[in-house]
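Next come the chains, spelled out residue by residue.
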Amino acid sequence: MVKFRVVVTGKILPLALETIKQHCEVKAWDDPNKPIPTETLQEWLRDAEGLYNSGFAHINDALLAQTPQLRVISQPSAGYDNVDLAACTDHGIPLGNTASALTETTADLAFTLLLTAARRITQGWDMVRSGRWQKSSDIPFGIDLYGKTLGIVGMGAIGSGVARRAQACGMNIIYHNRKPRPVGEFQGTQWVPFEQLLSQSDCIVVLTPLTAETRHLFNTNAFAKMKPSAHFINAARGAVVDTEALYHALVNNVIAFAALDVTDPEPIPGDHPLLSLPNILITPHIGSATPETRTRMAMMAVDNLLAGLRGERLPSCVNN
Ligand code: DGY
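Source: prediction; values computed, not measured.

Engineer: Help me out: how do you make sense of the overall build of the chain in this one?
Structural biologist: When helices and strands are counted, the chain shows 11 helices and 12 strands. At 21 Å, the chain has a C-alpha radius of gyration in line with the 20 Å of a compact globule built from 320 residues. Across its three principal axes, the chain shows a C-alpha extent of roughly 70 × 50 × 35 Å. Looking at the chain as a whole, 40% of its 320 residues are labelled buried. When contacts within the chain are restricted to residue pairs at least 6 apart in sequence, long-range pairs at least 24 apart make up 62% of them.

Below, the structure is given as C-alpha cells:
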C-alpha cells in the first residue's frame, strides 16, 4: 500500500502519531525546545501531501506556493491565526481545526478566570502562603458577580458556554459580535454595539478570534470607555489586546483588574512589567489544557488530516 507523506511540526499525542503512521510516512519535528525552522518546513513540505501542524508553524502564501502535492492542513486547535486562510483557499487546500472539541473546557477556564479575579483568590492565597495574613482587615476584597453585567466580546460556542455559567451566578449578559445574531440564538443574552458593551459591562470576557480587525481591539481608547471598576478577562489571543495600553490602564486604575490566559508576547517573559502589578492574574494559555480535551483535539485533527488525504470532506473545516 502506498502511504501518504505527512509532516508533523510539533508535539503530538502518541496515539495520534501511531494512527497517522498506519496510513502515512511521517516526518516529525520533535525538538520540544525550538520550533521547526522555516527552511526545514519548506524542504519537508516540498513533496508532502498532508501537514499536521501541532507546532503551529506560520503558513503563508509563499510557503504554500512551494507545496505542489499538499492536500490538507490540520491543526489541533480552535484558533488558526498562524495560518493565512485566504492563501489556503487560493491553493485549494482545506484547513481543519478542532473547535468543537474544546468548547466546554475553555468556557470553564474563562469563567474560572472571572471568578478568581472577582474574588481576588490569587491575592488571598499569596497572602496566606507568605504568612502576611495576620488580621481580618488584611484580607483582599473583591466584587459580587450576582446582579452584575457581563459583556462577552466574540460570542460563539465558547461564549455561549460562559454565558450559561454566568447566568447560573445571576449575571446579566450582553455581547458583541460584528453582526447581531438572530434574537434568541443565545438564550437570555442581548447584542449591543461595542462601545455600549465597553461602558455598560462590569466584567468583560474576550473570546474573539485574532484577525486584522480584532488586533489591538482593546487599546487605550477602549480601556478609557470601561468602568473604573471593570474586570477584564482575555481567553482569546494575546494580540487582541494592546499590552502596553492594558499595562497603563491597570497602573492608573482606568480599570480595576485583568485576568489573562493569553498574552502578547507569549510566553510572557518573567521580567515583563505586567507581572509586577498587583491587579492582574495570568495563566499560561491553558484554555484547552486537560487530558480529555487535548486527546479529543489530537484525534479530531487526525480525522481531519486523513479525510483530507483521501480527498474527503473534513469533519471540521474552516474554509469549505
Ligand atoms: C485553541 O485551540 O485555539 C486554543 O487557544 C489552544 O491553542
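Now that the structure is up, let's keep going.
Engineer: Looking at this structure, how should I read the sheet that holds strand β4 (residues 72-74)?
Structural biologist: For sheets, the rule is that strands pair by backbone hydrogen bonds, running either parallel or antiparallel. Taken in spatial order, the five strands line up as β2-β1-β3-β4-β5 in an open sheet, and their pairing is parallel. Each edge of the sheet is formed by a strand with only one pairing partner; in this case those strands are β2 (24-28) and β5 (95-96). Strand direction decides the pairing type here: β4 and β5, joined by two bridges, are parallel. By the bridge assignment for β5, Ser-74 is matched with Gly-96. Sheet contacts for helix α11 (residues 291-309): β1 (4-8), β3 (50-52), β4 and β5; angle to β4, the most-contacted strand, approximately 180°.

Engineer: Looking at this structure, I do not really get the nonpolar core. What am I missing?
Structural biologist: Across soluble globular proteins, you tend to see nonpolar side chains buried next to one another. Counting residues in hydrophobic clusters, the biggest one holds 51 residues, and the most contacted among them are Ala-110, Ile-152, Val-205, Val-206, Ile-233 and Ala-235. Of the residues forming this core, the biggest block, eight residues, is contributed by helix α5 (residues 103-118). When sequence neighbours within four positions are dropped, the list of residues in contact with Val-206 reads Val-153, Gly-154, Phe-218, Ile-233, Asn-234, Ala-235, Ala-236 and Val-240. In terms of nonpolar packing, the next biggest core, distinct from the first, is built from 39 residues, Phe-4, Tyr-80, Leu-95 and Met-297 among them.

Engineer: Mind showing me how you'd approach the site of the ligand here?
Structural biologist: By nearness alone, every residue bordering the ligand is listed as Ser-77, Ala-78, Gly-79, Leu-102, Gly-287 and Ser-288. When the residues that make up the shell around the ligand are grouped by side-chain class, the tally is two nonpolar, four polar and no charged.

Engineer: Help me understand the domain arrangement of the chain in this model?
Structural biologist: How large an interface is tends to be reported as the accessible area lost when its parts come together. As far as domains go, the chain holds domain 1 (4-101 + 292-309) and domain 2 (103-282). Taking the mean C-alpha position of each, domain 1 and domain 2 sit 32 Å from one another. Every contact between the two is made by five residues of domain 1 and, on the other side, six residues of domain 2. Among the residues forming the side of domain 1 that touches domain 2, the class breakdown is one nonpolar, three polar and one charged.

Engineer: Help me understand the sheet that holds strand β7 (residues 172-176) in this model?
Structural biologist: Here seven strands make up an open sheet; going across it, the order is β8-β7-β6-β9-β10-β11-β12 and the pairing parallel. Only two strands of the sheet have a single neighbouring strand rather than two, namely β8 (189-191) and β12 (280-282). The average angle at which neighbouring strand axes cross in this sheet is 15°, direction not considered.

Engineer: Could you clarify how one ought to interpret the UniProt feature "domain: D-isomer specific 2-hydroxyacid dehydrogenase catalytic" (unreviewed entry) in the chain in this entry?
Structural biologist: The feature "domain: D-isomer specific 2-hydroxyacid dehydrogenase catalytic" (unreviewed entry), as annotated in UniProt, sits at residues 6-319 in this numbering. A distance of 20 Å separates the end C-alpha atoms of residues 6-319, which is 34% helix and 14% strand.

Engineer: I keep staring at the packing of helix α1 (residues 14-23) against α11 and nothing clicks. Help me out?
Structural biologist: Helix packing for two helices is described by the angle between their axes and how far apart those axes are. For the pair α1 and α11, the least separation of the axes is 9 Å and the interaxial angle reads 15°. One finds that α1 runs roughly parallel with respect to α11. The handedness of the crossing between α1 and α11 is right-handed. Mapping the contact onto sequence places Ala-16, Thr-19, Ile-20 and His-23 in α1 and Ala-298, Met-299, Val-302, Leu-305 and Leu-306 in α11.

Engineer: It is not clear to me how the environment of Ala-239 should be interpreted in this structure. Could you clarify?
Structural biologist: Structurally, Ala-239 can be placed in the loop between β10 (231-234) and α10 (243-251). We classify Ala-239 as partly exposed; it has 18 C-beta atoms within 10 Å. For the pair Ala-239 and Thr-19, spaced 220 residues apart in sequence, the C-alpha to C-alpha distance is 35 Å. Ala-239 has contacts with Leu-210, Arg-215 and Asp-264, leaving out every residue within four places of it along the chain.

Engineer: Just checking my understanding: could you explain α5 for this structure?
Structural biologist: Three or four residues apart is the spacing at which side chains of an α-helix point the same way, because the helix has 3.6 residues per turn. An ideal rise of 1.5 Å per residue puts 22 Å on 16 residues; α5 measures up with 22 Å between its terminal C-alpha atoms. Inspection of α5 places Thr-105, Thr-106, Ala-107, Leu-109, Ala-110, Phe-111, Leu-113, Leu-114, Ala-117 and Ala-118 among the buried residues, and these make up the whole buried set. Among the structural elements, α7 (157-168), β9 (203-206), β10, β11 (257-260), β12 and α11 are those in contact with the buried residues of α5. Backbone geometry just after α5 places Arg-120 at a positive phi near 50°.

Basis of the calculations
Residues numbered from 1 in each chain as written. Predicted model: local features only at pLDDT ≥ 70, side-chain atom pairs only at ≥ 80, totals over all residues. Helix = DSSP H or I, 4+ residues; strand = E, 2+ residues; numbered from the N terminus. Rg over C-alpha atoms; globule rule 2.2 N^0.38 Å. Buried ≥ 20, exposed ≤ 12 C-beta atoms within 10 Å, placed from the backbone. Contact = placed C-beta atoms within 7 Å. Pairing = 2+ DSSP bridges. Axes fitted to C-alpha atoms, helices over the stretch in contact; angles between N-to-C directions. Core = buried A, V, L, I, M, F, W, Y, C linked by C-beta atoms within 7 Å. Near = placed C-beta within 6 Å. Nonpolar A, V, L, I, M, F, W, Y, C, P; charged D, E, K, R; others polar. Domains from an automatic or database assignment. UniProt positions renumbered as here; feature names shortened; annotations may be inferred. Parallel < 35°, antiparallel > 145°, perpendicular 65-115°, else oblique. Left-handed = near helix turned anticlockwise from the far one by under 90°. Expected span 1.5 Å × (residues − 1).

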